[in-house]
Amino acid sequence: MKTGIHPDYRTVVFHDLSADTYFKIGSTIKTERTIDLDGESLPYVTIDVSSASHPYFTGKQKEFSKEGSTARFQKRFGRLIGSRK
C-alpha cells in the first residue's frame with residue numbers, strides 16, 4: 001500500500017440521539033469532537049437515526065390517523081373552500 005494516500009481509519013463513537021445509544025465503529029469520518037467512553041478518548045459523532053431507532057429495524061411503525069386523507073383535508077381546509085361562493 002502506498003503511504004499518505006489513504007484516509008485515517010480509526011474507532012469512532014456514533015451517538016444516536018433519538019434512542020440515546022452509543023456505537024463504537026471503525027470509520028474514516030472527520031470530527032473535532034471527542035468523548036471519554038470505556039476509559040478511552042475517542043472521536044465522537046452524533047446521528048439522528050440508526051438501527052436502534054429506525055422503524056425498519058425496531059418494528060415500530062408510525063401510526064397514521066384512521067380517517068382518510070380526504071376527510072383530514074376537509075376538516076382542515078373545508079371552511080376556506082366553502083367561503084368562496
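Conventions used here
Residues numbered from 1 in each chain as written. Predicted model: local features only at pLDDT ≥ 70, side-chain atom pairs only at ≥ 80, totals over all residues. Heavy atoms only, no water. UniProt positions renumbered as here; feature names shortened; annotations may be inferred. Helix = DSSP H or I, 4+ residues; strand = E, 2+ residues; numbered from the N terminus. Buried < 20%, exposed > 50% of the residue type's maximum accessible area, 1.4 Å probe, protein only. Contact = heavy atoms within 4.5 Å. Polar contact = N/O pair within 3.5 Å; in protein donor to acceptor, adjacent residues only side chain to side chain. Pairing = 2+ DSSP bridges. Axes fitted to C-alpha atoms, helices over the stretch in contact; angles between N-to-C directions.

Looking up the chain in an unreviewed UniProt entry gives the name Large ribosomal subunit protein bL31B, with the organism given as Serratia aquatilis. The record held by UniProt for the chain lists under Subunit (unreviewed entry) the comment "Part of the 50S ribosomal subunit." Note on the chain: under the UniProt heading Sequence similarities (unreviewed entry), the record states "Belongs to the bacterial ribosomal protein bL31 family. Type B subfamily."

*Asks:* Summarise the overall build of the chain; cite the residues concerned and give the values.
*Replies:* Summing up its helical and strand segments, the chain has 2 helices and 4 strands in all. Taken from the N to the C terminus, the helices and strands of the chain come in the order β-β-β-β-α-α. Here the chain holds 85 residues, and 15% of them are scored as buried. The long-range fraction of contacts in the chain, counting pairs at least 24 apart against all pairs at least 6 apart in sequence, stands at 35%.

*Asks:* An account of the side chain of H15 is needed here, citing residue identities and associated values.
*Replies:* Here H15 is to be found in strand 1 (residues 10–16). At a separation of 2.9 Å, a polar atom in the side chain of H15 contacts the side chain of D20. When near neighbours in sequence (up to four residues on either side) are disregarded, H15 contacts D20, T21, Y22, Y44, V45, T46 and I47.

*Asks:* A description of the sheet that holds strand 2 (residues 21–27) should follow, citing residues and the corresponding values.
*Replies:* Taken together, 4 strands build an open sheet; the order of strands is 2-1-4-3 and the sheet is mixed. Sheet topology places strand 2 and strand 3 (34–37) at the edges, where each strand pairs with a single neighbour. Strand-to-strand twist in this sheet, taken as the mean axis angle between neighbours without regard to direction, amounts to 45°. Alignment of strand 1 against strand 2, held across 7 bridges, turns out to be antiparallel. In the sheet register, V12 faces strand 2, and the bridge partner there is I25.

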